[in-house]
Amino acid sequence: MDVIIGLTTKDAVIVATSMAAVRGVSILKSDDDKTRVVAPHTLVAYTGEPGDTVQFAEYVQANIQLHGMRNETELSPPAITSFVRSELAKSLRSRKPYQVNILIAGYDTATEKPYLYWVDYLASSAQLPYAAHGYAAYYTLSLLDRWHKKDISLDEGMKIMEMCVTELRTRLPIDFKGVQIKIIDRDGVRTV
Amino acid sequence: MSDPSSINGGSVVAMVGKDCVAIGCDMRLGMQALTVSNDFPKIFQFNNAFLGLTGLATDVITLSEVFRYKVNLYNLREERKIEPETFANLVSSSLYEKRFGPYFVGPVVAGINSKSGKPYICGFDLIGCINFAKDFVVGGTSSEQLFGMCESLWEPDLEPDDLFETISQSLLNAQDRDALSGWGAIVYIITKDKVVKRLLKTRQD
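Just so we're clear, the structure is a prediction, and the values are computed from it rather than from any experiment.

### Quick word on the overall build of chain A
Stage number 1. The helix and strand tally for chain A stands at four helices and 12 strands.
Stage number 2. The C-alpha atoms of chain A give a radius of gyration of 16 Å, which matches the 16 Å a tight globule of 192 residues would have.
Stage number 3. Judged by the C-alpha coordinates and their principal axes, chain A covers about 45 × 40 × 25 Å.
Stage number 4. Within chain A, buried positions represent 51% of all 192 residues.
Stage number 5. Within chain A, contacts between residues separated by at least 24 positions form 61% of all contacts whose residues are at least 6 apart in sequence.
Stage number 6. When the accessible area of chain A is evaluated, it comes to approximately 9500 Å², of which 50% is carbon and sulfur surface.
Stage number 7. One finds the centroid of the 22 positive side-chain charges in chain A at a distance of 4 Å from the centroid of its 23 negative side-chain charges.

### Considering the sheet that holds strand 1 (residues 11-17) of chain B
Within a sheet, neighbouring strands are paired by backbone hydrogen bonds and run either parallel or antiparallel to one another.
Residues and elements named next belong to chain B.
Stage number 1. If you trace the five strands from one edge of the open sheet to the other, you get 10-1-2-11-12, paired in antiparallel fashion. The sheet is open, and its two borders are formed by strand 10 (136-140) and strand 12 (194-200), each paired with just one other strand. Each strand of the sheet is rotated relative to its neighbour by a mean of 10°, with strand direction disregarded.
Stage number 2. With seven bridges connecting them, strand 2 (residues 20-26) and strand 11 (residues 185-191) associate as antiparallel partners. Bridge pairing in strand 11 links glycine 24 to valine 187.

### Observations concerning the interface of chain B and chain A
Stage number 1. Facing 20 residues of chain B, the contacting portion of chain A comprises 15 residues.
Stage number 2. Linking chain B to chain A there are two salt bridges.
Stage number 3. With its nearest N and O atoms 3.8 Å apart, the salt bridge here joins A:Arg85 to B:Glu65.
Stage number 4. For the pair chain B and chain A, the interface holds six residue pairs in polar contact (both at pLDDT 80 or more).
Stage number 5. When residues of the side of chain B that touches chain A are assigned to their parent elements, the largest contribution, six residues, is made by helix 1 (residues 57-78) of chain B.
Stage number 6. Per-class residue counts for the side of chain B that touches chain A are 12 nonpolar, six polar and two charged.

### Observations regarding the packing of aromatic side chains
Residue and element names in this part refer to chain A.
Stage number 1. Using the criterion set out here, one finds nine aromatic pairs over all chains in the structure.
Stage number 2. Between phenylalanine 56 and tyrosine 98, the aromatic rings sit 5.0 Å apart at their centres with planes inclined by 55°, giving tilted as the arrangement. Of this pair, phenylalanine 56 sits in helix 1 (residues 52-71) while tyrosine 98 sits in the loop between helix 2 (77-92) and strand 7 (100-108), placing them 42 residues apart in sequence.
Stage number 3. Residues tyrosine 115 and tyrosine 117 carry aromatic rings whose centres are separated by 6.0 Å and whose planes lie at 10° to one another, so their mutual orientation is stacked.
Stage number 4. Residue classification places tyrosine 115 among the buried residues on the basis of a relative accessible area of 13%.
Stage number 5. Accessibility expressed as a relative area gives 11% for tyrosine 117, which makes it buried.

### With respect to the packing of helix 2 of chain A against helix 1 of chain B
Stage number 1. The interhelical angle for the contact between helix 2 of chain A and helix 1 of chain B, taken along N-to-C directions, is 110°, at an axis separation of 11 Å. Considered as vectors, helix 2 of chain A and helix 1 of chain B are oriented roughly perpendicular to each other. Crossing angle aside, the handedness with which helix 2 of chain A passes helix 1 of chain B is left-handed. Across the interface between the two elements, A:Arg85, A:Ala89 and A:Leu92 of helix 2 of chain A pack against B:Thr58, B:Ile61, B:Thr62 and B:Glu65 of helix 1 of chain B.
Stage number 2. Residues of the contact of helix 2 of chain A with helix 1 of chain B, tallied by class, amount to three nonpolar, two polar and two charged.

### What to know about the pattern of salt bridges
Residues and elements named next belong to chain A.
Stage number 1. Tallying each qualifying case throughout the model produces 14 salt bridges over all chains.
Stage number 2. Aspartate 31 is paired through a salt bridge with lysine 29; the nearest N and O atoms lie 3.6 Å apart.
Stage number 3. The class of aspartate 31 is exposed, set by a relative accessible area of 53%.
Stage number 4. Between lysine 90 and glutamate 87 there is a salt bridge, with the nearest N and O atoms lying 3.2 Å from each other.

### A few points about the pairing of strand 12 (residues 188-191) of chain A
Residues and elements named next belong to chain A.
Stage number 1. Sheet analysis places strand 11 (residues 179-185) next to strand 12, joined by four bridges and oriented antiparallel. Note that in strand 12 the partner of isoleucine 184 across the bridge is valine 189.
Stage number 2. Here strand 11 folds back onto strand 12 in antiparallel fashion, the turn holding two residues.

### Some details on the nonpolar core
In globular proteins that are soluble, nonpolar side chains generally tend to be buried together.
All names here are of chain B.
Stage number 1. Leu51, Phe87 and Val91 are the most contacted members of the largest nonpolar core, which totals 39 residues.
Stage number 2. Of all the elements, helix 1 adds the most residues to this core, at seven residues.
Stage number 3. Not counting chain neighbours up to four residues away, the residues in contact with leucine 51 comprise Ile23, Lys42, Ile43, Phe44, Phe46, Phe67, Phe87, Val91, Pro107, Val108 and Val109.

### Focus: unusual backbone geometry
Residues and elements named next belong to chain B.
Stage number 1. Positive phi is not limited to glycine here, since glutamine 32 has a value of about 55°.
Stage number 2. Residue placement: glutamine 32 occurs in the loop between strand 3 (29-31) and strand 4 (34-37).
Stage number 3. Even without a glycine there, the phi angle at tryptophan 183 is positive, about 55°.
Stage number 4. Its place among the elements puts tryptophan 183 in the loop between helix 4 (160-175) and strand 11.

### So, the pairing of strand 2 (residues 12-18) of chain A
Residue and element names in this part refer to chain A.
Stage number 1. For strand 2, the buried fraction is high: seven of the seven residues fall into the buried class.
Stage number 2. Burial of strand 2 is two-sided: the residues Ala12, Ile14, Ala16 and Ser18 facing one way and the residues Val13, Val15 and Thr17 facing the other way are all buried.
Stage number 3. As paired elements, strand 1 (residues 4-8) and strand 2 share five bridges and run antiparallel to each other. Paired with glycine 6 across the strands is valine 15, a residue of strand 2.
Stage number 4. Once strand 1 ends, the chain turns through three residues before running back antiparallel as strand 2.

Cut-off values and rules
Residues numbered from 1 in each chain as written. Chains lettered and ligands numbered in written order. Predicted model: local features only at pLDDT ≥ 70, side-chain atom pairs only at ≥ 80, totals over all residues. Heavy atoms only, no water. Helix = DSSP H or I, 4+ residues; strand = E, 2+ residues; numbered from the N terminus. Rg over C-alpha atoms; globule rule 2.2 N^0.38 Å. Buried < 20%, exposed > 50% of the residue type's maximum accessible area, 1.4 Å probe, protein only. Contact = heavy atoms within 4.5 Å. Areas by Shrake-Rupley, 256 points an atom, 1.4 Å probe, with all protein chains shown as cover. Lys, Arg positive; Asp, Glu negative; His and termini not counted. Charge placed at Lys NZ, Arg CZ, Asp CG, Glu CD. Pairing = 2+ DSSP bridges. Axes fitted to C-alpha atoms, helices over the stretch in contact; angles between N-to-C directions. Salt bridge = Lys/Arg side-chain N within 4 Å of Asp/Glu carboxyl O. Polar contact = N/O pair within 3.5 Å; in protein donor to acceptor, adjacent residues only side chain to side chain. Nonpolar A, V, L, I, M, F, W, Y, C, P; charged D, E, K, R; others polar. Phe/Tyr/Trp six-rings, centres within 6.5 Å; stacked < 30°, edge-to-face > 60°. Parallel < 35°, antiparallel > 145°, perpendicular 65-115°, else oblique. Left-handed = near helix turned anticlockwise from the far one by under 90°. Core = buried A, V, L, I, M, F, W, Y, C linked by side-chain atoms within 4.5 Å.

Okay, here's the thing in structure tokens:
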């Protein structure tokens with residue numbers, strides 16, 4: 001019942017991930033970070049099978065960083081998504097596929113545009129204005145449909161994100177220990 | 001429920017008219033009943049051929065990339081554009097290559113042969129069996145509804161404008177009776193020297 005939500009604003013992407021690490025009926029950790037920074041302006045947030053998630057995220061992170069060092073360039077968010085999707089698609093038809101659902105949030109410094117991609121474990125991908133995975137999607141997408149608009153400011157975006165988290169607190173049956181919020185914009189990735 | 005070809009939803013249809021062809025698709029991407037995106041077109045252009053891909057979204061994306069790669073290589077090797085008939089055989093053999101671990105798709109090809117000017121449409125099953133048709137072909141989760149609509153609206157030798165009306169009404173009324181298709185539509189009307197792409201306004205439920 002992990003929560004991951006992402007939404008784009010005029011020149012940034014806001015990503016919220018729940019801080020509880022749950023195993024069975026126990027909460028093992030209440031400051032868990034379900035994200036990896038794969039490039040200076042791109043963040044990957046993940047949920048899914050424990051073990052697969054971190055393994056896969058760190059695998060793509062290492063390969064993207066290697067590419068960055070070899071070519072002395074930063075991959076754009078669409079290019080990173082294309083790479084992550086192809087790795088998941090390869091894995092899907094292997095003996096034991098990675099069961100990882102992913103949001104890729106990035107800021108393209110060349111075109112000066114924010115990007116949010118939704119990728120599931122089947123390697124279906126879509127570029128979206130706002131997205132969520134798992135049960136959180138059922139509660140938050142209706143709110144986002146109602147309030148999200150193109151080119152909103154960062155403050156407006158944060159307000160909408162707060163509405164989503166409040167809704168999840170009231171509706172989800174177990175405590176997800178709040179969310180950690182990361183913002184990706186022209187200055188890179190920062191936690192708030 | 002977990003049938004791969006109806007997880008994400010989506011439909012395509014292609015029709016033949018008088019010296020023209022049309023191909024249309026919906027715009028939905030879903031996960032079961034939840035709609036994830038309403039901007040997921042399923043028609044891709046490869047030179048003179050148009051390919052509509054329905055089924056499992058991951059395979060729709062993968063195959064569109066595979067065919068882009070193969071058609072680019074064809075262009076370099078042959079130094080000419082690929083014709084719809086040739087492209088249909090490329091689709092067929094590429095799908096049959098994965099006979100015992102198939103891509104879960106229902107492709108449709110439409111186009112006009114640039115040499116002969118003859119309209120061409122065909123459909124496939126997931127392992128590449130070609131279904132050549134002189135009238136119309138359908139694919140996707142609302143294929144049954146599309147068969148009904150096409151069967152009652154289509155007539156031979158429609159002019160481009162009338163063909164547009166026929167294919168649009170068939171697609172729109174079929175997808176309105178399917179929970180897994182809809183949320184927008186795109187229709188291409190292809191004549192020998194012109195391609196018109198139209199975005200249709202549709203119900204948003």
